[in-house]
Structures are given as structure tokens and as C-alpha cells.
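Observations on chain architecture
Listed below are the residues making up each chain.
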Amino acid sequence: MSESGKVYLVGAGPGAPDLLTLRAARLIERADVLFHDALVHPEVIALARHAIVIPVGKRCGRHSTAQRFINKRLVDAAREHAVVVRLKGGDPMLFGRAQEEIDALEAAGIDYEVVPGITAALAASAHLGTSLTQRGSARSVAFVTPRIGEGHDPAEWVHPLIASDAGAIYMGVGQAAEIAQRLIGAGMSERTPLVIVENASLPDARRFYGTLASLPALGAREMRGPAIILIGSQFVERVTEADAAFTTSAVAA
């Protein structure tokens, strides 16, 4: 490695500032430069009291910073500053495009470290009080996304999800109708229970229970923040007891 600075790819967690790890908080406070995603909580960014703060968020359907430009800026910043923090929502290594940035840093001879964060699926499960794994019934969980990056071929996500006892679908609410169609077409029952959790870990978190058949209607609701879809038999009681009436009215509407 060269005598350049070091880049830290840091997980900001699912949203709540107090779910940030101690290591992450200390690095943010030490940062000379902080590059952050669009959905990182302002209180987390505020920890970077002495840093040059640069937003590089990528939001679906909105103007965003090209990944190759982010890669270059990380390399350039590390050549001028000792501590460069790249702050990512959730965990950097799960749907966080971390590998592209790691590859760019390694190619440039820049030292780096990855600092894990709590991913949205775990925060959503905690919010619901329903485990993604349950002894005797749910021993496998698939984390998938139907989202396709620019210039990339479609990935196979349907069959891994069907083959698992439970699943977490990231960045999928905007494609709810397509997700339901593909899963049902591949053999998953229309009655499979699921829940959409919006703003997991934050005070304004909301949950919407339903089934695979009602997913298009649930996904059509106005969401005020990032949302994740959890699917599995462990949600059946909540769907039956708490949200059957809502599901019926939502489909009718």
C-alpha cells in the first residue's frame, strides 16, 4: 500500500442514530472527509464535526451520483486526507455496492476497512417482534432484490426466495406487482403471508401485513420512507388476526 490515507466503508445501520456501532461513531468523529448515502440520518452525519461532508446518495427515480464517480472521489480523497469515511445505509456488504468501491481502492493501492452495520431486514424483524428464523419451521432466509443496476444483466432472485423458509426483499416495494406476479408464476402460493415494514427502527415506522395476492395493493400505498418486504409463514397469525380486514379493503380499492 502507498502512504495515502485510509478509506473506511462504514455501515450507518437501518436508520435510528443510536443503532450505529461504537466503531462507526468513532470513525465518523475522526473523519477528514465523509461521503454519505441519501438515507443516512442527519444526527449520524452531524457526528462528523471536523469533516468535509459530501452527499453521494443514490435514490431510485431521482438524480444520483454515478458509482464510477464515487469510486474516483474516494481514491482522490484518500490521497489527500488521512481518514476518509464512506457512510452507507444498512450494512456496506449487503446491497451496498461495496465491492465496486473495494475493487477501485485495491486497484489504486489505497488501504481500506469495512465496518459492518445493522441491515434493514434485521431491524424490521426486531420492530415486528417476529424472528426471521424459527426453530422447527424457518431455518433458512434469503436476502434478495429485484433491482437491476445500470449496465447489469437481470439476476435470478425468484427461485432462491422460493427455496428458502423466509425471505427479505430489498428495494422491491416499487415493483410489488411484478414481484407478486413472478413469485406466483413460479409456484409460490397466493396465500403466502408477508409484511412491508417502512422506516424500520425509526419512531415513525409502519407495518402493512398481507399476502402475496395483496402485495400489489400494499405496494401501491404511499410510503414516506425506505421499506422492505419480509415474507414467510411466521407472519400468518398477524395477517389473519390483525390485517385481514385491511387486506380485503385494499384489494377492493
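Our subject in this report is the structure included herewith. The structure displayed is predicted, hence computed values, not measured ones.

1. Things to note about the overall build of the protein chain
- In terms of regular secondary structure, the protein chain is built from 10 helices and 10 strands.
- The contacts of the protein chain with a sequence gap of at least 6 include a subset with a gap of at least 24, amounting to 68%.
- About 12,800 Å² of surface is accessible on the protein chain, with carbon and sulfur atoms providing 51% of the total.

2. A word on the environment of A220
- Position of A220 relative to the elements: it lies in the loop between α8 (215-219) and β10 (227-232).
- A220 gets classed as exposed once you look at its relative accessible area, which sits at 65%.
- Separated by 43 residues in the primary sequence, A220 and A177 place their C-alpha atoms 8.7 Å from one another.

3. Some remarks on helix α3 (residues 67-78)
- In a regular helix each residue adds 1.5 Å, so 12 residues correspond to 16 Å; α3 covers 17 Å between its end C-alpha atoms and thus fits that length.
- Here α3 has its buried residues at Q67, I70, N71, L74, V75, A77 and A78. Take α3 and look down its axis: the buried residues cluster within an arc of 165°, on one side only.
- Tucked into the core, α3 has its buried residues touching β1 (6-11), β2 (33-36), β4 (83-88) and α4 (98-107).

4. Section: unusual backbone geometry
- You will see that R97, though not glycine, has its phi angle at about 55°, which is positive.
- With respect to the helices and strands, the residue R97 is situated in the loop between β4 and α4.
- R97 sits in the partly exposed class, given a relative accessible area of 27%.
- A positive phi angle, near 85°, is found at S201, a position not held by glycine.
- Mapped onto the elements, S201 comes out in the loop between β8 (193-198) and β9 (206-211).

The rules we used
Residues numbered from 1 in each chain as written. Predicted model: local features only at pLDDT ≥ 70, side-chain atom pairs only at ≥ 80, totals over all residues. Heavy atoms only, no water. Helix = DSSP H or I, 4+ residues; strand = E, 2+ residues; numbered from the N terminus. Contact = heavy atoms within 4.5 Å. Areas by Shrake-Rupley, 256 points an atom, 1.4 Å probe, with all protein chains shown as cover. Buried < 20%, exposed > 50% of the residue type's maximum accessible area, 1.4 Å probe, protein only. Expected span 1.5 Å × (residues − 1). Arc of directions from axis to C-beta.

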